[in-house]
Amino acid sequence: MKKLFISLIVSVFFINGIHAQSISNYIFHTSQLAVLEDMSGGTTLLIGPSSQNVSSGVTDIGFVFNFMGVP
């Protein structure tokens, strides 16, 4: 019982220190005016369909990816 109580107290301290990303850095829109991109050509195959346990080469994604407000 004592070990369970100590584990509970330690867990509370660890859970208190965990923080997710702040949602204030992102903007959410409910607009339905989005246009899908034509992907019938100009795409790059990174990993073939029969490949397993391999990594792809470094490839430019073509846009700026923001994480926590930092590009």
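Everything numeric here is computed off the predicted structure, so don't read it as measured data.

Caption draft 1: Here's a closer look at the overall build of the protein. Scanning the protein from terminus to terminus reveals one helix and zero strands. Per-residue burial over the protein gives 0% buried out of 71 residues. In the structure as shown, the protein presents an accessible area of about 7600 Å², 64% of it carried by carbon and sulfur atoms.

Caption draft 2: Spotlight on the layout of surface pockets. Reported here for the largest pocket is a volume of approximately 160 Å³. Lining the largest pocket we find Thr44, Leu46, Thr59, Asp60, Ile61 and Phe63.

Caption draft 3: Focus on a nonpolar patch on the surface. A contiguous nonpolar surface patch, about 760 Å² in accessible area, is contributed by Ile23, Tyr26, Ile61, Phe63, Phe65, Phe67 and Met68. Among the secondary structure elements, Phe65 is positioned in the segment after helix 1 (2-16).

Calculation criteria
Residues numbered from 1 in each chain as written. Predicted model: local features only at pLDDT ≥ 70, side-chain atom pairs only at ≥ 80, totals over all residues. Heavy atoms only, no water. Helix = DSSP H or I, 4+ residues; strand = E, 2+ residues; numbered from the N terminus. Buried < 20%, exposed > 50% of the residue type's maximum accessible area, 1.4 Å probe, protein only. Areas by Shrake-Rupley, 256 points an atom, 1.4 Å probe, with all protein chains shown as cover. 1 Å grid on protein atoms, 1.4 Å probe; cavity = no way out; pocket = protein on both sides within 12 Å on 5 of 7 lines; lining within 4 Å. Points joined across faces, edges and corners; volume = space filled by probe spheres on them. Patch = residues over 30% accessible without salt bridge, like charges linked within 9 Å, V, L, I, M, F, W, Y side chains within 5 Å. Salt bridge = Lys/Arg side-chain N within 4 Å of Asp/Glu carboxyl O.

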